[in-house]
Amino acid sequence: MKFFVERTETDQAIQIVLKPHSLYLMLLMLGGWLLNDLVMQSTPIAQVIMPIFIVFMVIRFFSLIRIQKEVLVAMKQNKVTTTGSKFSFSKPFTYTINK
């Protein structure tokens, strides 16, 4: 999915950019759930927030697992370089796999 990861392939390399939007959205949902649980203690809100949070985490996991398998294979072959930070919007975490 383009929301979680962006994959670009050229003749020389494959570049995989992990976008931080999903990480911040996941942390925001977790914060909202904790705020509800610790401060408001509203069961109806928790019954809405928690399933959305779980579905989002499952979708994110399965979107990234395919990329991680590709990166692990390239790591075993010493063809991967990484740059950036997973928390940065200006310089996101990037895998570069040389062919």
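Definitions and limits used
All residue numbers here refer to positions counted from 1 along the written sequence of the relevant chain. Totals for whole chains, interfaces and linings use all residues, but because this is a predicted model, local features are given only for residues with pLDDT of at least 70 and pairs of side-chain atoms are given and counted only at 80 or more. Only hydrogens and water are removed before side-chain values are computed, so all heavy atoms of the structure are retained for them. Each helix is a run of H or I in the DSSP string that is no shorter than four residues. Each strand is a run of E no shorter than two, and both are numbered from the N terminus. Three exposure classes are used, based on accessible area relative to the maximum for each residue type with a 1.4 Å probe and protein chains only: buried under 20%, partly exposed in between, and exposed over 50%. Distance and chemistry together define a polar contact, namely a pair of N or O atoms within 3.5 Å, with one atom able to donate a hydrogen and the other to accept it when in protein, and with adjacent residues in sequence counting only for side-chain atoms on both sides. In the sections that follow, a salt bridge refers to a side-chain nitrogen of Lys or Arg positioned within 4 Å of a carboxyl oxygen of Asp or Glu. Expected helix span is computed as 1.5 Å times (number of residues minus one). We call two residues in contact whenever any of their non-hydrogen atoms come within 4.5 Å of each other. Here a pair means two rings of Phe, Tyr or Trp (six-membered ring of Trp) with centres within 6.5 Å. Their orientation is stacked below 30 degrees between planes, edge-to-face above 60, and tilted elsewhere.

A.B. asks: Explain the side chain of Ser88 to me, please; I cannot follow it from the model alone.
C.D. replies: Along the chain, Ser88 turns up in the loop between strand E3 (80-83) and strand E4 (93-98). We classify Ser88 as buried; its relative accessible area is 17%. Separated by 2.9 Å, the side chain of Ser88 and the backbone nitrogen of Lys91 make a polar contact.

A.B. asks: Looking at this structure, I do not really get the pattern of salt bridges. What am I missing?
C.D. replies: Should their charged atoms come close, side chains of opposite charge can pair. Evaluated as defined, the whole model comprises four salt bridges. A salt bridge links Glu6 to Lys19; the nearest nitrogen and oxygen atoms lie 3.6 Å apart. Of this pair, Glu6 sits in strand E1 (residues 5-9) while Lys19 sits in the loop between strand E2 (13-18) and helix H1 (21-40), placing them 13 residues apart in sequence. Residue classification places Glu6 among the partly exposed residues on the basis of a relative accessible area of 34%. Lys99 is paired through a salt bridge with Glu9; the nearest N and O atoms lie 2.7 Å apart. Taken as a pair, Lys99 in the segment after E4 and Glu9 in strand E1 lie far apart in primary sequence, 90 residues in all.

A.B. asks: I would appreciate a short explanation of H1 in the present structure.
C.D. replies: Think of an α-helix as turning once every 3.6 residues; residues three or four places apart then point the same way. The terminal C-alpha atoms of H1 lie 27 Å apart, and with 20 residues this matches the ideal 28 Å at 1.5 Å per residue to within 8%. Elements in contact with the buried residues of H1: helix H2 (43-76). The positive-phi residue at the C-terminal boundary of H1 is Gln41, with phi of around 50 degrees.

A.B. asks: Help me out: how do you make sense of the packing of aromatic side chains in this one?
C.D. replies: If you walk through the whole model with that rule in mind, you get six aromatic pairs. With a centroid separation of 5.3 Å and an interplanar angle of 20 degrees, the aromatic rings of Tyr24 and Phe89 are classed as stacked. Placement of Tyr24 in helix H1 and of Phe89 in the loop between E3 and E4 is noted, with a sequence separation of 65 residues between them. Given a relative accessible area of 33%, Tyr24 falls into the partly exposed group. Each residue in the set Phe3, Phe4 and Phe56 is aromatic and connected to the rest through ring pairs, giving one cluster.

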